[in-house]
Amino acid sequence: MMKWLKANWFYVVVLVAALVLPLVITNRYYSQVITMSLLFAIGALSLNLILGFTGQASLAHGGFFAIGAYGVAILTYTLGWNFWLALPVSALLSGLIGFLVGLPALRTRGAYFAITTLCLSEIIYLVAGNWMELTGGHNGIVGIPVPSPISIPGLGQLKFDSQISQYYLVLFFLLFTLFVMYRLTKSLRGMTFLATAINEDLSEAVGINIFRTKLLSFVVSNFFVGLAGGIYASLIGSISPSVASVAMTFNFLMYVLLGGITTLAGPIIGAFIIPVLLEYLQFLQDYQMILFGFLLIIVIVYFPSGFMGLYKNLSEKIKKSKVGA
Amino acid sequence: MEAEYQVASFGDGVFMELFLQQVFNGIMLGSTYAIVALGLTMVYGILHVPNFAHGHMYMLGAYVCFFLMTIFGFAYWPALAASAIVLAVAGIILEVLVFKPVRNAGGITPFIAALGALIILENAVVVLWGPEGHRIPNPYPGIIDVFGITMSTQRLLVIGGAFLMILLLQLFIKKTTLGSTIEAVAQNKEGATLVGINVNFVSALTFAISTALAAVAACMVAPIFMISPSMGSLVGMKAFVIVILGGMGSIPGAIVGGIILGLIEAIGGGYFSAAYKDVFGFGALVLILAIKPTGLFGKEIKGR
């Protein structure tokens, strides 16, 4: 136990910090920003699975986020379902559509796959904006209920109408996503993902069915981003087609790349740091996005492994200098 | 671009006319798509870089034209020519600052860099000139009636101009020494370097031609449609669809693909639903790729 604690003390500290954070931060606005960061971290982690670990640049991530969000919105608001039934159904729906679309789309490679998914994202956006009866068109859906309370025998009810409870709800799902991603990427299956990312032809030559590998990664990735979208719809209370826009995909992409692609911590760090940074850069207003464009180019050119790569390099240098001394 | 289609609904007599009208609109749209896609496919052929920012260069071309005409009082044609030159320079800057540093990186790196560039371009235009749409005054508002089809002069001009540009480009590549260096680099970069072709120069030249073409296309259709900072992303995406339909790096493929997409949109938009017209085009792409993953005329691409 002590040995385990010694090896993993850092993660324990982070977890404890995450658990006490809402007790420290009482400002409603910042609390909201942080909850959203955790939520987007789920999306970023899932994008990282297909983009980083499997090497397929899916640009429909915002679209699948929207499928989850509209799923929960329609099921709970329009049809009056319980949130806890609507959420898994929406996430599964996102995964299922990912499967159906992945069948043709994943036959393409590299830039072709990126464009195909970008087109798919545009189709989802157009449908969300024009299918009045189902999605409410460009006005979207307003008045989506917060997650329904859970009754625990003997303890009473868990309600999700306060900010703190919503924070813990999102944190729970983030940890769940992280756990699945950890088990998946560290497993033998995860190795086939990485092999596909590094060299598709070689992977195929050693007997990996790269199509099935990519499809599995794509479906799991879309399941989790659909989950994030569903929670988003319920916590924000209203959605419009803008959740399906390319800008949403770009946000996820930025979190993954700036945080550190193909690492588990990177996307979470990215999803956490960038919105906070944006808060501090509010005074820049419209120039904000221009700055981010430059940042994206500089990072991809000079620090392609993002913040985590930078951290690794630094810690290695420190180790070396210690050995030298 | 806004939809400007009439929905066919009445009578047998007008049926054929309406159909021809949609075909005409489709060819007009398709020929502009074709020149935008041409630039994209050339750049891909040389650098193997999917230039995601291409649609935004098109948008920038329309804005340069608009401001030259409204603020500096340029006439239409000089504004069009000046816009092409400005965009050629902008294309070289884009190549040197964004694509050259990642030329040997491979994988998803180049198009992430391109995404950065398009975010900068779109937001810079929003900051400088506002998010609202503008309209370039139509230099040829006249209408010609041919066999019952109404053709506005500007639309005819777009088709004629597009085919002229395609012809000139073909002549340049096939008949001049400078042009054939582009083809040489596309075929074999190492070989071209060996015989003394400056690959850096050819890359810059290709980018300049590609973005200048986009600017010409933008200036020609700008009097018909509104211009806005977001106009680029959709056109850029369509150009990509065309390039994939026609096969990356294939010039005839881009022309045929452009016309096909224009027709799909005009007929789908005219007969089924104007709101979903883009869905038809993008849906066609997904369908074609499902059957043939490398595009209609595409060659097998190996590895990554």
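These numbers come from a predicted model, not from an experiment. Residue numbers restart at each chain and count upward from 1, following the sequence in its written direction. Chain A is the first chain written and ligand 1 is the first ligand written, with later ones labelled in order. With pLDDT at 70 or above as the cut-off, local features in this predicted model cover only qualifying residues; side-chain atom pairs require 80 or more to be listed or tallied, and sums for whole chains, interfaces and linings still use all residues.

Novice: For the overall build of chain B, give the residues involved together with the corresponding values.
Specialist: A tally of regular secondary structure across chain B gives 11 helices and 2 strands. Radius of gyration here uses only the C-alpha atoms, and the compact-globule reference equals 2.2 Å multiplied by the residue count raised to the power 0.38. In terms of overall size, chain B behaves like a compact globule, its C-alpha atoms giving a radius of gyration of 19 Å where 304 residues would be expected to give roughly 19 Å. The C-alpha extent of chain B, read off along each of the three principal axes, is 65 × 50 × 35 Å. Relative to its 304 residues, chain B shows a buried fraction of 51%. Think of it this way: any DSSP run of H or I at least four residues long counts as a helix, any run of E at least two long counts as a strand, and we number them from the N terminus. Our exposure labels follow a C-beta count within 10 Å of each residue's own C-beta, placed from the backbone: buried means 20 or more other C-beta atoms, exposed means 12 or fewer, and partly exposed covers the counts in between.

Novice: How would you explain the overall build of chain A if you had to name every residue and give the values?
Specialist: For chain A, the helix and strand inventory stands at 14 helices and 4 strands. Judged by the C-alpha coordinates and their principal axes, chain A covers about 65 × 50 × 45 Å. Burial analysis of chain A (325 residues in total) assigns 49% to the buried set. A residue pair is marked as a contact if its C-beta atoms, positioned from the backbone, fall within 7 Å. Within chain A, residue pairs in contact and separated by at least 24 positions form 74% of the contacts whose partners lie at least 6 positions apart.

Novice: Give a detailed account of the environment of Pro 88 of chain A, specifying residues and quantitative values.
Specialist: Residue and element names in this part refer to chain A. One can find Pro 88 in helix H4 (residues 83-105). The exposure class of Pro 88 is partly exposed, given the 13 C-beta atoms found within 10 Å. Taking C-alpha positions, Pro 88 is 8.7 Å from Gly 230, a pair spaced 142 residues apart along the chain.

Novice: Tell me about the nonpolar core, and name the residues and values.
Specialist: Residue and element names in this part refer to chain B. Counting residues in each nonpolar core, the largest one holds 195 residues, and the members touching the most others are Ala 62, Cys 65, Val 216 and Ala 218. Sort the elements by how many residues they give to this core and helix H8 (residues 199-221) lands first, with 15 residues. Sequence-distant contacts of Ala 62, defined by excluding residues within four places in its chain, comprise Ala 218, Cys 219, Ala 222, Ile 227 and Met 231. Remark: nonpolar core denotes a set of buried Ala, Val, Leu, Ile, Met, Phe, Trp, Tyr and Cys residues whose joining runs through C-beta atoms within 7 Å.

Novice: Please set out the packing of helix H2 (residues 28-53) of chain A against helix H11 (residues 246-259) of chain A residue by residue, giving values where relevant.
Specialist: Residues and elements named next belong to chain A. Working convention: axes come from line fits to C-alpha atoms, limited for helices to the stretch in contact. Angles between N-to-C directions cover 0 to 180 degrees. Between H2 and H11, whose axes approach to 9 Å, the crossing angle comes to 75°. By the angle between their axes, H2 is roughly perpendicular relative to H11. When H2 is examined against H11, the residues Phe 40, Gly 43, Ala 44, Leu 47, Asn 48, Leu 51 and Gly 52 are found in contact with a partner set consisting of Asn 251, Phe 252, Leu 253, Tyr 255 and Val 256. Charged means Asp, Glu, Lys or Arg here, nonpolar means Ala, Val, Leu, Ile, Met, Phe, Trp, Tyr, Cys or Pro, and polar covers whatever is left, Gly included. A breakdown of the residues in the contact of H2 with H11 according to their chemical character gives 8 nonpolar, 4 polar and no charged. Convention used here: angles under 35 degrees read as roughly parallel, angles over 145 as roughly antiparallel, angles from 65 to 115 as roughly perpendicular, and any remaining angle as oblique.

Novice: If you had to explain unusual backbone geometry to someone new, which residues and values would you point to?
Specialist: Most peptide bonds take the trans configuration, and most residues that are not glycine carry a negative phi. Residues and elements named next belong to chain A. The phi torsion at Thr 262 lies on the positive side, around 60°, for a residue other than glycine. Position of Thr 262 among the secondary structure elements: in the loop between H11 and helix H12 (265-280). Thr 262 sits in the buried class, given 22 other C-beta atoms within 10 Å.

Novice: Describe in detail the interface of chain B and chain A, supporting the description with residues and values.
Specialist: Taken together, the 38 residues of chain B in the interface contact 38 residues of chain A. For the side of chain B that touches chain A, the secondary structure elements donating two or more residues are helix H4 (109-129), helix H9 (231-246) and helix H11 (277-291) of chain B.

Novice: Got a sec to walk through the packing of helix H5 (residues 153-175) of chain B against helix H6 (residues 177-187) of chain B? Specific residues and values, please.
Specialist: Residues and elements named next belong to chain B. Relative orientation of the contacting elements H5 and H6 amounts to 80°, with a least axis distance of 5 Å. Relative to H6, the element H5 is oriented roughly perpendicular. Counted together, Phe 172, Ile 173, Lys 174 and Lys 175 of H5 and Gly 179, Ser 180, Ile 182 and Glu 183 of H6 form the full contact between these two elements. Its residues placed into classes, the contact of H5 with H6 shows 3 nonpolar, 2 polar and 3 charged.

Novice: Explain helix H5 (residues 110-130) of chain A to me, using residue names and the numbers behind them.
Specialist: To estimate the expected span of a helix, count its residues, drop one, and scale the result by 1.5 Å. Look at H5 of chain A: 31 Å from first C-alpha to last across 21 residues, which is about the 30 Å you get at 1.5 Å a residue. Taken across its 21 residues, H5 of chain A has 18 buried, putting it largely inside the fold.

Novice: Just give me the short version of H8 of chain B, but keep the residues and values in it.
Specialist: Relative to the 33 Å expected for 23 residues at 1.5 Å per residue, H8 of chain B spans 33 Å between its end C-alpha atoms, a close match to the ideal helical length. Most of H8 of chain B sits out of view: 19 of its 23 residues are buried.

Novice: Requested: an account of the environment of Gly 161 of chain B, with residues and values cited.
Specialist: Residues and elements named next belong to chain B. Considering the arrangement of structural elements, one finds Gly 161 in helix H5. Accessibility expressed as a C-beta count within 10 Å gives 20 for Gly 161, which makes it buried. Sequence spacing of Gly 161 and Thr 32 is 129 residues, and the spatial spacing of their C-alpha atoms is 9.1 Å.

Novice: How would you explain the confidence of the model for chain B if you had to name every residue and give the values?
Specialist: Residues and elements named next belong to chain B. The share of residues in chain B with pLDDT of 70 or more is 91%, and the mean pLDDT across the chain is 83. Confidence scores here are pLDDT values: one per residue, from the predictor, ranging 0 to 100. Here residues 1-10 scores under 50 on pLDDT; set against residues more than four positions off or in separate chains, the count is 20 contacts. Reported confidence for the predicted complex is 0.77 by ipTM and 0.84 by pTM.

Novice: With reference to specific residues and values, describe the environment of Gly 55 of chain B.
Specialist: Residue and element names in this part refer to chain B. With respect to the helices and strands, Gly 55 occurs in helix H2 (residues 54-70). For Gly 55, a count of 27 C-beta atoms within 10 Å puts it in the buried group. Measuring from C-alpha to C-alpha, the distance between Gly 55 and Gly 232 comes to 4.3 Å, with 177 residues separating the pair along the chain. Other than its neighbours up to four places away in sequence, Gly 55 contacts Gly 232, Ser 233, Val 235, Gly 236, Met 237 and Ala 239.

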